[in-house]
Every structure is written in C-alpha cells, then in structure tokens.
Amino acid sequence: MSSTLTPAALAYRRLPNIWDVAAFVAVLGMLAAVAAAARGTVIPIAALKAGSIHLDPAYLPGYALRTTMRMFAALVASLLFTFTYATWAAKSRRAARVLIPILDILQSVPILGFLSFTVAFFLHLFPGNVLGLELAAIFAIFTSQAWNMAFSFYQALTTLPADLEEASRGFRLTGWQRFWRLEVPFAMPGLVWNTMLSMSGGWFFVVASEAITLGNHTWELPGIGSYVAKALAERNIGAVFWAIGAMLLVILAYDQLLFRPLVAWSAKFRVETTASATAEDPWMLAMLRRTALLRRGGEELGHFVGFITGLPLRFPGRRRSEAPSPASTRSGDIVFGAVIAAAAAFALWRTISFAAQTLHWSDLLQAVLLGFITLARVVLLIALASLVWVPVGVWLGLRPAWARRVQPVAQFLAAFPANLLFPPFVVVIVTYHLNPDIYLTPLMILGTQWYILFNIVAGAAAFPGDLQEVASNFRVGGLLWWRRVIFPGIFPYFVTGAITASGNAWNTAIVSEVASWGNTKLAAHGLGAYIAQATEAGDFHKIVLGVIVMSAFVVTFNRLLWRPLYDYASRRTVLG
C-alpha cells in the first residue's frame, strides 16, 4: 500500500488543529505581557523614585519579565555583533591584528567601567526618559554576553575543515553563499552553547546593570537585579530566596521553550560521515512539529531564508589572479601597523593625561601590585576549573541525552549571581575571623568555570562520530585516547573557553573581591576591589586607572599564552 498522501489528506493535515490553538494562545499571551512591560520603558525618569522597588513577592513576575526582556534585547545585539565583528576578524588578517586585541580589552573592562562612561551618553539620547536608562542597562548586559559569542564564532571560522573549504570552492560558492551555507552551520553547535552561556552571564551581572549611578543620582530599574540589591541591603533573607526561585523559573522557561529546541536543531550541523546516537526531540520542538499553521509558516520562512542565503552575491575584492605581491603586502602591513600604533599611542596618551590630573606614580604602582594579586587568583582558578570540568564536559558532550538533562542545571548555576552568596560568606568570615583574601576567592569561580564547561561540551558534541568509531575499532583508550583522539578535537574549544573564562574572571573580580551584607562589608586585596571601591566613591580617575591596568594584564596574558595556543589550535584542528 502506498504511503503517498492524497490531496484531500494533505489538505486536512494543513488545517488548524488543537496544537495551533495552544501555540496561538501562548504567543498571544507572551505578546500581551511584553507590551504591558514595554510601557514602563517610555515613562519620565522622574517616575523612578527612591524606594520604588518592592520586596513583596507579588511584584517578582513583573520584575522577572522586565529583566528577561532586557537580556533578550542584549542577546539580539550580541548576535548582530558576533556575525559582523567576528567575521571581519576571521576574514581579514590585517583587521584581526586590531580587532582581536580590542576584543581582549573589551572582555576585560568591568561592567562598572562601561556603566561609568556610557550612562551619560544614553541619557542624552533620550533626556528625561527611562528609555535612556533602559538602553544603558541593555548595553551593560550586552557587554557580559557579546565577547564570549564573538570568540566562539571566530574560533569556528578559523578552524574550518580544509576539505569543506575545498568543497565550497568546487561548488563555486560566492562569499555570501559560503558564509551562510558552510561557515554559519559549522559554527552553529558551539555558538548555541555559548549563547546559552551568555544568557547566564547576563544574569550574573544583572544586579550591577539594573542599579545605575551617575554622579549623585542613583536609579533602580524594575527587575530581579534591583530586587536582589534591595534584599541584600535590608538583610531580607526571605526575599533573597524568592529572587532565587524567580530566577530558576525564568531559566527553566527559556531553556524549555528556546534553548532545548535550538540544541536539538544545531545537532544536525555536526561534521561527520557516519550516523551517531542522538537524543530524542524535546517536547517543545515535537509540539511545534504537530502544528499545522506554525509548521507551514516555518516552511515558508525556511524557503525565504534559503532564497536569501543562496543569492549569488559577491563581496568586493581582488580576484585570485590579481593577488598583491609579497612586497606590496609587506608595505601595506607596515603602513597599516604604523597607523594603528599611532592611533593607539594617541588614545593611550589622552587616557593617561586624564588619569594623571589627580593621580601619581604611587597610585599606578598600587594598581599594578593589586593586579598581580588578582592575576594569581585568575591563574589558580582557571587551572582548577580546567582539571574539573574538561573531563565532565567531554563525558556530557559525547552523551547528548545526559547533556540535555544537565543543560538547565548548568544554566542556572552559571547564572547564579555571586551577590546571592554574600550572606553566608560574610557571616562565616566574620564569625570565624577568616582571611577575606582567601575565602572570598571562591566567589570568583562562580562565573569562570562555566565558560570552560560549556565550550568543552560544545566541542565534544561536535566531535565526529566516525573518528570515535575508528578509535574504538583500534581499541584506543585511557590516556592515549585523551592525548591522541579527544583532546586534539576539543582543543580549539578549550582555548576559546579558557580565553573567555580568563577575561570573565577578571570582570568577576569586581563583585567577588568585595562582599557586603547589610552594613557589614568585606574586601579582599585585588584590582577588582580597587575598581569597585573607586566606583562607589565616584572617583573616575581611579576607575580609569584600574580599567587600564586590568586591560593591560589581560592583553599581555592573552598575547603570551592564549594567542599562541589559539594559533596552534587553528593549525592542528583534528577536523582539518
């Protein structure tokens, strides 16, 4: 009996069904909630009165919605930044010499540093309106998301398998077609996992991004971050637990509705020649496939996207036959390097001139010494996190079913703000007279370890199944399997995770080297505490000095260690 559907049966399958009704109600409810929350972004700034944040749990759903909207707005901006900035750096050797060090600097600049100098700009865009503050908060969250995603996408573009590149040339793909048909699909598994991590990174700094200070003015935007800040200030432990519960529910919601379907969808882009075991589709994806109208709309959207990405667009540039000579390339590099060096020297001179108005050489020496203390913490935590999470990440990445089970738990732990652990840490340290320099250090690892874990999971999940079968057939196991099989395959992902973890650890030092619970405040010695205290005091000159010293430490460390490893990973990728 033929399985071909008759025209009548096909038409019946395209009629709306109960799943369409459920999806329509859910989408309509979500749009209504977003519209209601959006009204609060265009009110006069005078409406944000002091004490307007309520600790009554009844306000938490509205606060959670406002915070989630800011995070997804920042995520959209981060994706746009990733597809442009990282692509430019990967496609242009000269651009990479400038863009990648800038990215190193940007990921090391603390969120408090961005807020200190961007709030006035956004407020001038929309004077007297809350929208300016909303944009400042979204930009702050953007700075906690974009750099990780850009590094992930750049790593994928620079480790593209040679056989796939050769195939794209054989099919005569244009630059536009190659980008959407080859490069983006190849990068998609790692990008999806790093997007999840970026969402969690936004939660980690949400307290700092929703409490905005400019001069003597402080505004608290309605959101979970402001709720947590007020609960900590008032020592309301019950409100802290309500905030944790609200965060957990929000993370579970967008994990089930968005990220689980995305992880399942991205699995089809794995580079391999043999079939591998995959987990079953998540319930959300299965439900969407049962709908008629939504499925039909998705098909039409897919056809439209396929048409756009398949356009034979060519980017301007020289043909192969018109390639510049080595001499002209060297001359161009010299001129380009001289221009960039002059611009960097001018920017550095202007910055030093600003900081030198009230600071002295002793302030610089103090900041550098504190930077070495924070550097020691960063190196120790990166090493410990690697020893723990590389084996765990490989185990999870090679088992899709287990990875999906752990996925929401890892997202929640990665999103857990260090501020919420201040009460027990402060109480224990004060009660037992412990050294804050040692016992505040674990707070830094909260936001550091997950960059390594998520990237290792993404690398192991993208590891070709045929190579796994070859290793199994040759009975390669134990330490030899780690050295010759899996670690070379995940090495580019590990380097990406380590780079972003290192930058995030420096950023996290701002909130982990200073802890407070009510009127009790503890501070460890370090550059993070230096910047946090300068920000609280409104000392812009010390903020600039601290940010410069922190950026110099990060760039130097990356230049001496991570960049050589990155180049090595690009040359020795197992997929090439």
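Just above sits the structure.
If you're wondering where the values come from, they're calculated on a predicted model, not measured in any experiment. (Residues numbered from 1 in each chain as written. Predicted model: local features only at pLDDT ≥ 70, side-chain atom pairs only at ≥ 80, totals over all residues. Heavy atoms only, no water.)

**Focus on the overall build of the protein**
Helices and strands together make up the secondary structure of the protein, namely 25 helices and four strands. Per-residue burial over the protein gives 48% buried out of 576 residues. Relative to all contacts within the protein whose residues are 6 or more apart in sequence, the contacts with residues 24 or more apart total 83%. Accessible area of the protein: about 28200 Å², with a carbon and sulfur share of 69%. (Helix = DSSP H or I, 4+ residues; strand = E, 2+ residues; numbered from the N terminus. Buried < 20%, exposed > 50% of the residue type's maximum accessible area, 1.4 Å probe, protein only. Contact = heavy atoms within 4.5 Å. Areas by Shrake-Rupley, 256 points an atom, 1.4 Å probe, with all protein chains shown as cover.)

**Observations regarding the packing of aromatic side chains**
Within the structure shown, the criterion is met by 25 aromatic pairs. Seen from their ring centres, Phe487 and Phe491 are 5.5 Å apart, and the 55° between their planes marks the pair as tilted. One end of the pair is Phe487 and the other is Phe491, both in helix α23 (residues 478-512) and four residues apart, which spans about a single turn. Accessibility expressed as a relative area gives 29% for Phe487, which makes it partly exposed. On the basis of relative accessible area, Phe491 is assigned to the buried category, the value being 12%. Put simply, the rings of Phe81, Tyr85, Phe121, Phe122, Phe139, Phe142 and Trp147 pair up and form one aromatic cluster. We note Arg405 situated over the ring of Trp402; from NZ or CZ to the ring centre the distance is 4.7 Å. (Phe/Tyr/Trp six-rings, centres within 6.5 Å; stacked < 30°, edge-to-face > 60°. Lys NZ or Arg CZ within 6 Å of the ring centre and 35° of its normal.)

**Things to note about helix α9 (residues 175-204)**
Helix length check: α9 (30 residues) gives 38 Å between terminal C-alpha atoms against 44 Å at 1.5 Å per residue, more than 12% under. By the largest-angle criterion, Met188 marks the main kink of α9, which is about 50°, and a proline, Pro189, follows within four residues. With respect to burial, α9 is a largely interior element, 26 of its 30 residues being buried. (Expected span 1.5 Å × (residues − 1). Bend = angle between axes of the 7 residues up to and from the residue.)

**Examining unusual backbone geometry**
One non-glycine residue with positive phi stands out, namely His433, at about 55°. The topology assignment puts His433 in the loop between α18 (422-432) and α19 (436-439). Non-glycine residue Arg475 carries a positive phi angle of around 55°. Tracing the backbone through its elements, the reader meets Arg475 in the loop between α22 (465-473) and α23. Of the residues examined, Arg475 reaches a relative accessible area of 77% and is grouped as exposed.

**A look at the side chain of Thr374**
Tracing the chain through its elements places Thr374 in helix α16 (residues 361-397). Classification of Thr374 as buried rests on a relative accessible area of 0%. Among residues more than four places away in sequence, those in contact with Thr374 are Met444, Trp506, Ala509, Glu513, Gly526, Leu527 and Gly528.

**Description of the pattern of salt bridges**
Inspection of the entire model under this criterion finds nine salt bridges. As a salt-bridge pair, Glu165 and Arg178 come within 3.0 Å of each other at their nearest N and O atoms. Residue Glu165 is found in helix α8 (residues 162-170), and its partner Arg178 is found in helix α9; the two are separated by 13 residues along the sequence. Judged by relative accessible area, which is 25%, Glu165 ranks as partly exposed. Residue Arg178 is classed as buried on the basis of its relative accessible area of 17%. Overlapping salt bridges bring together Arg66, Arg70, Glu134 and Glu210 as one network. (Salt bridge = Lys/Arg side-chain N within 4 Å of Asp/Glu carboxyl O.)

So yeah, pure geometry; function would need other evidence.
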